[in-house]
Amino acid sequence: HAYAKEASHPMSQRKTILKELGTYQTALPIEFGSSIFVRAQESRMDLLRVLILGPETSPYGNGCFFFDISLGSSYPHKPPKVKYLTTGGGKYRFNPNLYQDGKVCLSLLGTWSGPGWQPGESTLLQVLVSIQSLILVDEPYFNEPGYQKSEGTQQGTTASQLYNANIRRYTMDAAILPHFQRLAATNN
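Residues numbered from 1 in each chain as written. Predicted model: local features only at pLDDT ≥ 70, side-chain atom pairs only at ≥ 80, totals over all residues. Heavy atoms only, no water.

Let us now look at the overall build of the chain. Secondary structure summary: the chain contains four helices and four strands in total. Reading the chain from its N end, one meets helices and strands in the order α-α-β-β-β-β-α-α. Computed over the C-alpha atoms, the radius of gyration of the chain is 17 Å, within 12% of the 16 Å expected from 2.2 N^0.38 for a compact globule of 188 residues. Taking the principal axes of the C-alpha coordinates as reference, the chain spans close to 55 × 50 × 30 Å. Taken across its 188 residues, the chain has 43% of its residues classed as buried. Of all intrachain contacts in the chain linking residues separated by at least 6 positions in sequence, the fraction that spans at least 24 positions is 52%. Each charge class in the chain was averaged separately, 17 positive and 14 negative side chains, and the resulting centres sit 8 Å apart. (Helix = DSSP H or I, 4+ residues; strand = E, 2+ residues; numbered from the N terminus. Rg over C-alpha atoms; globule rule 2.2 N^0.38 Å. Buried < 20%, exposed > 50% of the residue type's maximum accessible area, 1.4 Å probe, protein only. Contact = heavy atoms within 4.5 Å. Lys, Arg positive; Asp, Glu negative; His and termini not counted. Charge placed at Lys NZ, Arg CZ, Asp CG, Glu CD.)

Ranked by size, the top nonpolar core spans 34 residues in total, and within it F67, F94, V104, L124, V127 and I131 carry the most contacts. Counting residues per element, the ones that place at least two in this core are α1 (11-22), β2 (44-53), β3 (64-70), β4 (81-84), α3 (124-135) and α4 (154-186). Sorting elements by how many residues they give to this core places α3 first, with five residues. When neighbours within four sequence positions are excluded, F67 is seen to be in contact with L48, R49, V50, I52, V82, K83, Y84, L85, L98, V104 and I131. (Core = buried A, V, L, I, M, F, W, Y, C linked by side-chain atoms within 4.5 Å.)

By secondary structure assignment, the location of E20 is in helix α1. One polar contact links the side chain of E20 to the main-chain amide nitrogen of L124, over a distance of 3.0 Å. (Polar contact = N/O pair within 3.5 Å; in protein donor to acceptor, adjacent residues only side chain to side chain.)

The strand order across the open sheet built from four strands is β1-β2-β3-β4, with neighbouring strands paired in antiparallel fashion. Of all strands in the sheet, those bounded by a partner on one side alone are β1 (36-41) and β4. Each neighbouring strand pair of the sheet contributes to a mean axis angle of 25 degrees, computed without reference to strand direction. Bridge count for β1 against β2 is six bridges, and the pairing is antiparallel. Within β2, the residue paired with V38 across the bridge is V50. This element, α3, spans β1, β2, β3 and β4 of the sheet and lies at about 25 degrees to β2. (Pairing = 2+ DSSP bridges. Axes fitted to C-alpha atoms, helices over the stretch in contact; angles between N-to-C directions.)

As enumerated under the stated definition, the model contains four salt bridges in all. One salt bridge connects K81 with E6, and the closest N-O pair in it is separated by 2.8 Å. Linking K81 in strand β4 with E6 in the segment before α1, this pair joins segments that are 75 residues apart in sequence. What makes K81 partly exposed here is its relative accessible area of 42%. Two residues, R44 and D46, come together in a salt bridge whose shortest N-O distance is 2.9 Å. Note on accessibility: R44 and D46 belong to one class, buried. (Salt bridge = Lys/Arg side-chain N within 4 Å of Asp/Glu carboxyl O.)

From the geometry alone we can't say anything about function, so treat these as descriptive.
Spelled out as C-alpha cells, the structure:
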C-alpha cells in the first residue's frame with residue numbers, strides 16, 4: 001500500500017471510519033457499465049484500496065483503475081490522501097487529472113482549485129464518485145484547463161478523438177491486459 005508507512009489511525013476515530021465504510025455496501029455505484037469497489041485492510045481500516053471500473057462508454061471502458069487511499073489521523077476533518085496506481089509503471093497519464101506519478105487532481109482533495117473539502121459534510125464516497133464521474137469521462141481531453149473553449153468545434157472534436165484513441169491504448173495496455181495475463185499465468 002502506498003501509505004503503509006504512515007502512522008495508524010487513532011482508535012477514537014475508527015468508529016467514524018467503520019460507520020462510513022459500513023454504508024458502502026448499498027451506497028457504492030455497482031452497475032454493469034462502471035462500478036466502484038473498496039477494500040480496507042483488516043488491521044488498518046484507515047488504509048483502503050479502491051478499484052474503479054472504467055465507464056463502458058468512455059475510453060476507459062472495462063479498465064481496472066486502482067487507487068490507494070489513506071484516511072489519515074485528521075479524517076474526516078481533512079480530505080483523504082489518494083494515490084493513483086494504474087499508470088503503466090509511470091508511463092501513462094490517463095487524464096489531465098491523473099498524473100504518471102500517481103497524483104490525483106481534484107478540488108475535493110485540495111489538489112486542484114474549486115470547491116474543496118468541507119469538514120462534517122464531505123465524504124470519501126464523494127471523492128470516489130467524483131473520480132468516476134468527473135475524471136473517467138467520455139471526453140477527458142476537455143478536462144485540461146483551457147481546452148473546454150474548443151468543445152463543440154471541429155478542432156476540439158478532432159483533438160478529443162485523437163486523445164481518446166491514445167487513452168484506449170493506454171487502458172488496454174495498463175488497465176486490462178495485465179489482469180488477463182496474471183489470470184492466464186495462475187491457470188497454467
